[in-house]
Amino acid sequence: MLRSFIAGRQILSCGRGLFFGPATKFSVKTSSWGFVSSRILSTKPNLCSCQQQNDLQKTTKLPDGFWKEVKTKVTPYAQLMRIDRPIGSWLLFWPCAWSIGLAAAPGCWPDPVILGLFGAGAFIMRGAGCTINDMWDRDIDAKVERTKGRPLVSGQLTQTDALALLAAQLGVGCAILLNLNWYSVVLGASSLGLVVLYPLAKRVTHWPQLVLGMTFNWGALMGWSAIQGTVNWSACLPLYAAGICWTIMYDTIYAHQDKVDDALLGIKSTALRFGENTKTWLTGFAIAMTSGLTTCGLVCHQTWPYFASVALVSAHVAHQISTLNINNPQDCARKFISNHQVGFLLFLGILLGTLLQGPEKKQLPKAQIIHEKQLVMQ
């Protein structure tokens, strides 16, 4: 039995717990004394649950170096997709949005789900187009001042890395496309040839901007088919043609930034084709664009807000052309980016114009119109 117990130190209590002194002397037998080592009875206070939780959070928190490493690995892929330059995604999205808005029922808003799908698709497929372009142009980009810092040129990514990214982009794009009706799926898949061929066009023709226009404005056909299940060619073809003219205008302005390097490398573009007559050519395309938009509005029985927006777009484009300095790369870049406003103005006009349409202006298939006329005659 325990015969005696001699306390070495007073037991203290505090908000952080209990602790013992450095040693405690005790006797089990009369002839034996022992000392409990300080290794057994700790001199450190016990931690309360709050402090233990805080320490646990500190130990599980990821170090700053981890996030820096993630950023270092992800940034080249983001640059390859041009995430830092969203203007291209917007220019790809606007023709889709125009067509979706025009295909909406009179007096109604466009379908937000379809708009969201096309917005996501524009972001992904624009990135895929940039990946393909950089894979084709790696050797050329290394010789151009503006593009020599791109990931494939600088060695941050390899061709294999780019190919893996492209596969992922096309996979996501396909998943988005499969949410549409089968007519739109087939129509969308048929544009992939243009996406692949555009980077090659600059090597064989002075009109690569025409190929880009055909690619970037494919959504003018797909947007309508996604809503109606088919394409109203009498409305969509003028819209598509207007979009192509618009793309030729803004991409010619963009190409003037690199015309010196392109001429030395043998790369062709409308900027080099038009030369000092660029403003005259752009004026002609602007007139054609306005004519196409006006024709489309008449076919769709649009109301005055639509035609007012077409007038504003025409004025905006005219100001771009009249103030353009083709020998100033900074001015060309500003004019190119301002085309985002062109897309938004027209989309706003389509929204308001469709909302003001009456039910009697709803477009009917030709077969249904003929059938109704026959019923009236009977």
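The protein chain has the name 4-hydroxybenzoate polyprenyltransferase, mitochondrial in an unreviewed UniProt entry, where Lutzomyia longipalpis is given as its organism. You can read under Cofactor (unreviewed entry) in the UniProt record for the protein chain the words "Mg(2+)". Quoted verbatim from the Sequence similarities (unreviewed entry) heading of the UniProt record, the comment on the protein chain is "Belongs to the UbiA prenyltransferase family."

(A) Expanded view of the overall build of the protein chain. When helices and strands are tallied, the protein chain shows 19 helices and 5 strands. The buried share among the 378 residues of the protein chain stands at 41%. Sequence-distant contacts in the protein chain: of pairs separated by 6 or more residues, those separated by 24 or more amount to 72%. As displayed, the protein chain offers around 20700 Å² of accessible surface, 65% of which is attributable to carbon and sulfur atoms.

(B) Representation of the confidence of the model for the protein chain in the model. Of the residues in the protein chain, 78% have a pLDDT of 70 or more, and the chain-wide mean is 83. Note that residues 364–378 has pLDDT below 50 and, in this model, 2 contacts with residues that lie over four places away or in other chains.

(C) Summary view of the pattern of salt bridges. According to the stated counting rule, one finds 8 salt bridges in the structure shown. Across the pair Asp258 and Arg146 runs a salt bridge, and its minimum N-O distance is 2.3 Å. Highlighted residues: Asp258 in the loop between helix H12 (233–255) and helix H13 (259–265) and Arg146 in the loop between helix H5 (138–141) and helix H6 (151–154), separated in sequence by 112 residues. Relative accessible area serves as the criterion here: at 9%, Asp258 is assigned to the buried category.

(D) Representation of a nonpolar patch on the surface within the structure. Residues Trp67, Val70 and Val74 make up a contiguous nonpolar surface patch of about 280 Å² in total accessible area. For Trp67, the position within the fold is in helix H2 (residues 64–80).

(E) Structural view of the packing of aromatic side chains. Applying the stated criterion to the full structure yields 17 aromatic pairs. Between Trp94 and Phe347 the ring centres are 5.7 Å apart and the planes differ by 45 degrees, which places this aromatic pair in the tilted class. Placement of the pair is Trp94 in helix H3 (residues 87–103) and Phe347 in helix H18 (residues 339–355), with a sequence separation of 253 residues. Since its relative accessible area comes to 11%, Phe347 is described here as buried. The interplanar angle of 85 degrees and the centroid separation of 5.1 Å between the aromatic rings of Trp246 and Tyr250 together place this pair among those described as edge-to-face.

(F) Region of the structure containing the environment of Ser234. Of note, Ser234 is situated in helix H12. Sequence separation between Ser234 and Cys300 is 66 residues; the distance between their C-alpha atoms is 9.1 Å. One polar contact links Ser234 to Asn232, side chain to side chain, over a distance of 2.6 Å.

(G) How the structure looks around the side chain of Thr303. The residue Thr303 is located in the loop between helix H15 (278–299) and helix H16 (304–323) in this model. Accessibility expressed as a relative area gives 10% for Thr303, which makes it buried. One polar contact links the side chain of Thr303 to the main-chain carbonyl oxygen of Gly353, over a distance of 2.7 Å.

(H) Focus on the nonpolar core. Core analysis: the largest hydrophobic core is formed by 66 residues, its most contacted members being Phe118, Trp246, Met249 and Met289. Of the residues forming this core, the biggest block, 12 residues, is contributed by H12. Setting aside residues no more than four positions away along its own chain, Trp246 makes contact with Leu91, Trp94, Pro95, Trp98, Met289, Asn339, Val342 and Gly343. Counting residues in hydrophobic clusters, the runner-up holds 6 residues, among them Met81, Leu152, Leu157 and Leu165.

Cut-off values and rules
- Residues numbered from 1 in each chain as written.
- Predicted model: local features only at pLDDT ≥ 70, side-chain atom pairs only at ≥ 80, totals over all residues.
- Heavy atoms only, no water.
- UniProt positions renumbered as here; feature names shortened; annotations may be inferred.
- Helix = DSSP H or I, 4+ residues; strand = E, 2+ residues; numbered from the N terminus.
- Buried < 20%, exposed > 50% of the residue type's maximum accessible area, 1.4 Å probe, protein only.
- Contact = heavy atoms within 4.5 Å.
- Areas by Shrake-Rupley, 256 points an atom, 1.4 Å probe, with all protein chains shown as cover.
- pLDDT = per-residue confidence, 0-100.
- Salt bridge = Lys/Arg side-chain N within 4 Å of Asp/Glu carboxyl O.
- Patch = residues over 30% accessible without salt bridge, like charges linked within 9 Å, V, L, I, M, F, W, Y side chains within 5 Å.
- Phe/Tyr/Trp six-rings, centres within 6.5 Å; stacked < 30°, edge-to-face > 60°.
- Polar contact = N/O pair within 3.5 Å; in protein donor to acceptor, adjacent residues only side chain to side chain.
- Core = buried A, V, L, I, M, F, W, Y, C linked by side-chain atoms within 4.5 Å.

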